Amino acid sequence: MNKVFKQSIKQSNLQTKQNKKQIRDFKERRCINQDLNFNWTDVELDFSIIFSTSKGVFILDSVNKVFKQILTGKFYGITEHNGYWYFARLGTEGKRDFPQNNRVSEIYFGKILGHEILDLQLALYGIPAELHQIDSIKECLTFPHTGYNQILNIPFSQIQKAKEPLKIEDCNSIELNLNPHSHLNSIFHQNNTMYFIAHNYTMKTNKMSDLIKYDLRTKRQEVICLEAHSAHNIHIDNENNLLYCDSNNKKLVKNNNVLFERDKLLRGLLITENNIFVGGSDVCFKNDQRFSNNPSIYLLNLAGDLLNEFEFEALGDIYEIRQLKV
C-alpha cells in the first residue's frame, strides 16, 4: 500500500467518524425527480443528455421534450455501467453541507427509468477531499482522487454485491508522481492508456495545466504541458485528435488550435457521433455565485460551429455532460 493511499485512508477514518450521521441524512434528500420549465421552440436537433451542476443533476431530452432535475446537491462526475448510473458528489457545498475545512465526498448509483432516478444507493462514502470526473474502465469504477495525486478504482461487481456502502480502503490505488498542487480533475481511457488533466491551480501558481498519460501495462506516466489555464476534460477520437477545455481562457482546443470560444469558463465536454456539447459557466470564485449563476450548454457540430445555446437560470456551475440513451 503506497504512502498516499495510507494518508487518504487515515483522513477518511477521521472524517467519516464525525460525519456518518450527516452522510446518511444526505442520501435521504438527494432524489428530487422534479420537472422544470424549458422553452423548446428553438430546439431543432434530437438529443438526450444528462448533466451536473453545483445545484444537482439534470436531464435535458429534446426527443421527449423533458427537462428535469433528478438529484439535488453539488455533483460532478457521471458515468454509466450495465444500466446503472454513478454520480460523484463533490465534497463541499459551502455551509449547507460540510464545512470547507472538512470535505468528504461520496459516489451514488441508481437506475434512470422514465427520466427519474430510482433506487438510489450509496456506493462509496467517506472519501476525503473532492471528486471530479469518474469513468467506467475495464469493469471498474475509476476516478482521480483530487488532492491526493492518486487514481482509485473498484470493480463494479464489488459495489453491486456489497450489503453496505464501501469506503476508500476497499478501492485499489495508483499513485502518480506529480506536484502537490496538481488538482487532478479529468479522466479519459483509450485502449491501454488512461489520460488525466492536472488543473495545477493556474490562477494561484501561474503553472499551466498538464496532460498525464498513464500506461496500464508498463505503469509508466508521461506529463505533457498543455499551455492551458486551469484545463478540464479530455477527449481523444479514433484519429487521435486531442480535445480539451482551456477553461479560464474560455476556449475549446483541438490539437493546439482553438475550435470554439465563448465568454464563459468552459468545462463539461461530450462528443457524440455528430455533435459536441460543451458547458459554460460564469468565471466566479465566490461560493454563492457558483451556486447562482446562469450556465450554458453550447451545441456544436464537429467542426466547432455553434448550432444552439441553451441557458439555464440560476443552476450554478456546470461540471459534467454525458449522453443519455432513452
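Source: prediction; values computed, not measured.

So, how was this worked out
- Residues numbered from 1 in each chain as written.
- Predicted model: local features only at pLDDT ≥ 70, side-chain atom pairs only at ≥ 80, totals over all residues.
- Heavy atoms only, no water.
- Pairing = 2+ DSSP bridges.
- Helix = DSSP H or I, 4+ residues; strand = E, 2+ residues; numbered from the N terminus.
- Core = buried A, V, L, I, M, F, W, Y, C linked by side-chain atoms within 4.5 Å.
- Buried < 20%, exposed > 50% of the residue type's maximum accessible area, 1.4 Å probe, protein only.
- Contact = heavy atoms within 4.5 Å.
- Axes fitted to C-alpha atoms, helices over the stretch in contact; angles between N-to-C directions.
- Polar contact = N/O pair within 3.5 Å; in protein donor to acceptor, adjacent residues only side chain to side chain.

1. Focus: the pairing of strand β24 (residues 306-311)
Walk down a regular strand and you will see the side chains alternate between the two sheet faces.
1) Next: Of the pairings in the sheet, the one linking strand β23 (residues 296-301) to β24 comprises five bridges and is antiparallel in character. Within β24, the residue paired with L300 across the bridge is L306.

2. Observations regarding the nonpolar core
1) Next: Of all hydrophobic cores here, the largest spans 20 residues; its most connected members are Y86, I107, L124, L141, F143 and I159.
2) Next: Mapped by element, the contributors of at least two residues to this core are α1 (3-28), β6 (84-89), β7 (104-113), β8 (116-128), β10 (140-145), β11 (150-155) and α2 (156-161).
3) Next: Contact partners of I159, with chain neighbours within four places excluded, come to Y86, F109, A123, L141, I154 and L166.
4) Next: Listed in part, the 18 residues of the second largest apolar core include F38, V43, F51 and F277.

3. Focus: the sheet that holds strand β21 (residues 265-271)
1) Next: Strand order across the open sheet formed by four strands is β21-β22-β23-β24, with antiparallel pairing between neighbours. With partners counted over all chains shown, the strands left at the sheet margins are β21 and β24, one partner each. Taking the axes of each pair of neighbouring strands and ignoring which way they run, one obtains an average angle of 20° across the sheet.
2) Next: Inspection of the sheet shows strand β22 (residues 275-281) paired to β23 by six bridges, in the antiparallel sense.

4. Quick look at the sheet that holds strand β16 (residues 221-225)
1) Next: Taken in spatial order, the four strands make up an open sheet running β13-β14-β15-β16, and their pairing is antiparallel. Looking along the sheet, the strands with just one partner apiece sit at the ends: β13 (184-190) and β16. Between one strand axis and the next, the sheet turns by 20° as a mean value, whatever way the strands run.
2) Next: Note that strand β14 (residues 193-198) and strand β15 (residues 210-215) share six bridges and pair antiparallel. Paired with M194 across the strands is Y214, a residue of β15.

5. Some thoughts on the environment of Q150
1) Next: With respect to the helices and strands, the residue Q150 is situated in strand β11.
2) Next: Taking relative accessible area as the criterion, Q150 reaches 0% and is therefore assigned buried.
3) Next: Through-space distance from the C-alpha of Q150 to that of S8 is 9.6 Å; in sequence the pair is 142 residues apart.
4) Next: Within the structure, Q150 has its side chain in polar contact with the side chain of S8 (distance 3.0 Å).
5) Next: One polar contact links Q150 to S173, side chain to side chain, over a distance of 2.8 Å.

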